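For reference, the chains in residue letters:
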Amino acid sequence: MIDLVHFQLASAALFSIGIYGVLARRSSILVLMSIELMLNAVNVNLIGYSSFTDFGMDHRILGQIFVIFIITVAAAEFALAVAIILRLYRNLSTVNIDEISSLKG
Amino acid sequence: MLGIAWSLSWVLPALNLIAFLGALATYRIKKGIVAAGFSLVAIFAAFVVFWFLVSEVLENGFLSDQMTWFQIAETKIIFGFYVDRLTLLLLGLITFVALIVQVYSFGYMKKEPRFGWFFTVNAFFVASMLALVLADNLLFLYFAWELVGLGSYLLIGFWYERRSAAEAAKKAFITTRIGDVALLIGIIVLFKSTGTFQISTIIDYAQSGLIGSETILIASILIFLGAMGKSAQVPFHVWLPDAMEGPTPVSALIHAATMVVAGVYLVTRMLPLFEISSTTMWVVTIVGMSSFLLAACMAMVMHDIKRVLAYSTISHLGLMMFALGCGAASAAVVHLLAHGVGKAILFLCSGNVSHSLDGETNLMKMGGLLKKLPLTAVLFLIGSISLAGIFPLAGFFSKDEIISGVLDGRGWFFVGVLLIGTVLSSLYLARLWILVFFKNSQYQTEVQHQPNVFMKIPLIVLAIPTVVFGISLAQFNNSFFGLHAWFIEYSQHHFNFLIAILSTLAALLGVFIAWVMIFRKFSENHLMMITFKRIEHILIRKFFFDDFYQFVIDKIILIVANMVALLDRKLVNDILVDGLPKLVYSIGRIVRVFQSGQISHYAFAMIFFASLIFAGWWLLVTNT
């Protein structure tokens, strides 16, 4: 039987992997992917909580609908981010985050 | 009554204002002839309208009309004109002298490159001067007062290429400005305690005791300070002699006959207020008296013909203030007229003299001009006799009026002072006339140009009132023209033979002394000559007034200014203006260390602090 706690654990695991990726990865594409992981951790959480509340059946489905919306929006957002990274690559000929440091004080 | 009255009193300054605007638009065209035409036509029309106004006022006693300019809550700011007999007298003097002077200038300034500009500013000046005497409230009076000051500034600095003229204009403007500030404060003090600027209302309130006596004292002293600045009373007199840098017609119009009497006019107008405070009256008396004597002394030793006349003007303005301080308003105003006309003659004659001698104004280089410029010499003599107070010209009667007024108001001591002043004033005028026209000079005085017709006719016209005015004043209380009773509403004094004889003797004594001093040769070592030299030294240095002001400016004001400048540089500039960015910069230098530019560092900081906040929140929630 899958409980709420399983959802939470899966979500936490995904989130931690995401944080690790954001902090440790050098390639901006991979950083972006890690951010997506964190986003999906939230989605998992959302689905879990919506299934284990004591709303009526038709209200429980609401969380899953939300998640679909979120995924759609995230996809659009991702496309945008990739476009930015492409511009970055055009200008600096690199996607390595350590080398993109023009804002250094 | 009010309809026509309104339009008439309003017409006088409006005509000149229109002329000013017209002249302003055209003063570059055709060498300024058009602008001069505007100005001349306007002043002539104003002079004609003045006579209609006279008949109107004589019928009704006074005219007044007002309109509300704007209103803030209960306070109405009113734009209004008030014409009574005092106003009429001044309007007559202003329009008459301005007309004469402008016709004269037409000849005198003929070769001037800025001919048109001269008439433009003249029209401006006349318009604001007329507004000044017509204004029925202090606020408008103050506006006109400042505009008149501006006109004076522009005309003194007419030859602004000359450094001395530019300096003199600046000096006149700044010196009178000190008085103007006091005047403005005085007006505000009165407004604060009465809630109105209307002169008549303020005087009513003051007379019915609605204004506190301290307020009246303060306000009247402040207003008097303004009058002192404009009328060049000691110690604000220093600007007037320097103002002689302007063209001679300007000196005649502004710095002898009209603008400088604005202060006397103001004091006369506010005299009911001044009279409430005996302290103020004493201040007016003392200031007037000291100006009268000091300026007369200085006039005796000046070497510049126009400067002698300038000091004489200060002296006579002092005499008017003196009379006002003794409560003899009618005498002061009569003397104002007599002096205005007489001094205009003297100035215009001196203009003729220096015009003939190619701009020479040094007395010592003139002499024997009686034969070369006979008309000018005779007219100058008429003006001098009038101002020296010798029978039967205008000055004699007005001075007698003043002496009897002083006798009634203050007693014999002050009459004695006045007689000494009379001796001095006839002395310097006699010296002036003898040196310029009579005594042969060791210098060759070749007359280069004879005065043209524009410079002769106005002078003759100007001499008429000097003679006729005197005679008509002689009919003191009956009504041969009845000039005296006709114009003046204030107290009247009776003709006093003793005083008349004393003042005539004093004046003749002055002439005698001048004669002796010029023609009797004393040896250099004669005790009298040594004393004279000492006195002359002090007088030539003008009682050290200018030196003292220079000292004050150099030592005290400049030191204070330097200290303030230092404060500005160190505190405002270095600490506040430059210090602030420096502070931001140094904070920035510390903070920039944390800006590595590495996104992962930022992300780490973000996550770390977010977790910290979350942990804190968590602890808080679980503990409560």
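These numbers come from a predicted model, not from an experiment.

Visitor: Explain the overall build of chain A to me, and be specific about the residues and the numbers.
Guide: The secondary structure content of chain A amounts to three helices and zero strands. When the helices and strands of chain A are read in sequence order from the N terminus, they spell out α-α-α. Taken along the three principal axes of its C-alpha coordinates, chain A extends 55 × 25 × 25 Å. Scored against the burial criterion, the 105 residues of chain A give a buried share of 12%. Expressed as a percentage of contacts within chain A between residues at least 6 apart in sequence, the contacts between residues at least 24 apart total 50%.

Visitor: Mind laying out the overall build of chain B, listing which residues take part and the relevant values?
Guide: Summing up its helical and strand segments, chain B has 26 helices and two strands in all. Seen through its C-alpha atoms, chain B measures out along the principal axes to roughly 115 × 65 × 55 Å. The proportion of buried residues among the 624 residues of chain B is 49%. In chain B, 81% of the contacts between residues at least 6 apart in sequence involve partners at least 24 apart.

Visitor: Describe the interface of chain A and chain B, listing the residues and the values that go with them.
Guide: Where the parts come together, the accessible area they lose is often given as the size of the interface. Contact with chain A, which involves 10 residues of that partner, is made by 10 residues of chain B. Of the residues contributing to the side of chain A that touches chain B, the split by class is five nonpolar, three polar and two charged.

Visitor: Any chance you could break down the packing of helix H11 (residues 261-269) of chain B against helix H14 (residues 305-325) of chain B for me, citing the residues and the numbers?
Guide: When two helices pack together, their arrangement is given by the angle between the helix axes and by the axis-to-axis distance. Residues and elements named next belong to chain B. H14 packs onto H11 with a crossing angle of 5° between their chain directions and a minimal axis gap of 10 Å. By the angle class used here, H11 and H14 are roughly parallel. Contacts between H11 and H14 involve Val 264, Val 267 and Thr 268 on the former and, on the latter, Leu 317, Met 320, Met 321 and Leu 324. Looking at the contact of H11 with H14 residue by residue, the classes come out as six nonpolar, one polar and no charged.

Visitor: Requested: an account of unusual backbone geometry, with residues and values cited.
Guide: Residue B:Val234 is joined to B:Pro235 through a cis peptide bond whose omega torsion reads 5°. Phi is positive for A:Ser93, which is not a glycine, with a value near 55°. Examined against the element boundaries, A:Ser93 turns out to sit in the segment after helix H3 (57-92). Even without being a glycine, B:Ala232 presents a positive backbone phi close to 55°. Along the chain, B:Ala232 falls in the loop between helix H8 (213-230) and helix H9 (239-242).

Visitor: Which residues make up the pairing of strand S1 (residues 63-72) of chain B, and what are the values?
Guide: Residue and element names in this part refer to chain B. Across the 10 residues that make up S1, only a small minority, one, are buried. In the sheet, S1 pairs with strand S2 (residues 75-83) via nine bridges, with the strands oriented antiparallel. Paired with Phe 70 across the strands is Ile 77, a residue of S2. Linking S1 to S2, which pair antiparallel, is a turn of two residues; within it Ala 73 sits at a positive phi near 50°.

Visitor: Give a detailed account of helix H25 (residues 579-591) of chain B, specifying residues and quantitative values.
Guide: Compared with an ideal rise of 1.5 Å per residue, which puts 13 residues at 18 Å, H25(B) spans 18 Å between its outermost C-alpha atoms and is within 8% of the ideal. With respect to burial, H25(B) is a largely exposed element, only zero of its 13 residues being buried.

Visitor: Before we move on, could you go through helix H4 (residues 115-134) of chain B and cite the residues and values that matter?
Guide: Under the 1.5 Å per step criterion, the end-to-end length of H4(B) is 29 Å for 20 residues, consistent within 8% with the ideal 28 Å. Burial within H4(B) is extensive, with 19 of its 20 residues counted as buried.

Visitor: Which residues make up the environment of B:Val284, and what values go with them?
Guide: Residue and element names in this part refer to chain B. As for its placement among the helices and strands, Val 284 is situated in helix H13 (residues 278-301). Here Val 284 falls in the buried class, since 26 other C-beta atoms lie within 10 Å of it. Put simply, Val 284 and Asp 554 are 270 residues apart on the chain and 30 Å apart in space, counted from C-alpha to C-alpha. Those residues within four positions of Val 284 in sequence are excluded, and the remaining contacts are Phe 224, Val 267, Phe 274, Met 321, Leu 324 and Gly 325.

Visitor: Can you tell me about the environment of A:Ile100, naming the residues and giving the values?
Guide: All names here are of chain A. In this fold, Ile 100 is placed in the segment after H3. Owing to 18 C-beta atoms within 10 Å, Ile 100 belongs among the partly exposed residues under this scheme. Taking the C-alpha atoms as reference, Ile 100 lies 33 Å from Phe 69; in sequence the two are 31 residues apart.

Visitor: So what about the packing of H14(B) against helix H15 (residues 329-356) of chain B? Which residues, and what values?
Guide: Residue and element names in this part refer to chain B. The geometry of H14 relative to H15 is characterised by a closest axis approach of 9 Å and an angle of 175° between their N-to-C directions. On the basis of the axis angle, H14 is roughly antiparallel to H15. Between H14, through Ile 305, Lys 306, Leu 309, Thr 313, His 316, Leu 319, Met 320, Ala 323 and Leu 324, and H15, the contact on the second element is made entirely by Ala 329, Ala 331, Ala 332, His 335, Leu 336, His 339, Lys 343, Leu 346, Phe 347, Ser 350, Val 353 and Ser 354. The residue makeup of the contact of H14 with H15, split by class, is 13 nonpolar, six polar and two charged.

Visitor: How would you sum up the confidence of the model for chain B? Please name residues and give values.
Guide: Residues and elements named next belong to chain B. Per-residue confidence for chain B gives a mean pLDDT of 83, with 92% of residues at or over 70. Taking the mean pLDDT of every element in chain B, the minimum, 49, falls on helix H21 (residues 483-487) and the maximum, 92, on H25. Note on residues 476-484: pLDDT is under 50 here. Beyond four places in sequence and across chains, it has 10 contacts.

Calculation notes
- Residues numbered from 1 in each chain as written.
- Chains lettered and ligands numbered in written order.
- Predicted model: local features only at pLDDT ≥ 70, side-chain atom pairs only at ≥ 80, totals over all residues.
- Helix = DSSP H or I, 4+ residues; strand = E, 2+ residues; numbered from the N terminus.
- Buried ≥ 20, exposed ≤ 12 C-beta atoms within 10 Å, placed from the backbone.
- Contact = placed C-beta atoms within 7 Å.
- Nonpolar A, V, L, I, M, F, W, Y, C, P; charged D, E, K, R; others polar.
- Axes fitted to C-alpha atoms, helices over the stretch in contact; angles between N-to-C directions.
- Parallel < 35°, antiparallel > 145°, perpendicular 65-115°, else oblique.
- Pairing = 2+ DSSP bridges.
- Expected span 1.5 Å × (residues − 1).
- pLDDT = per-residue confidence, 0-100.

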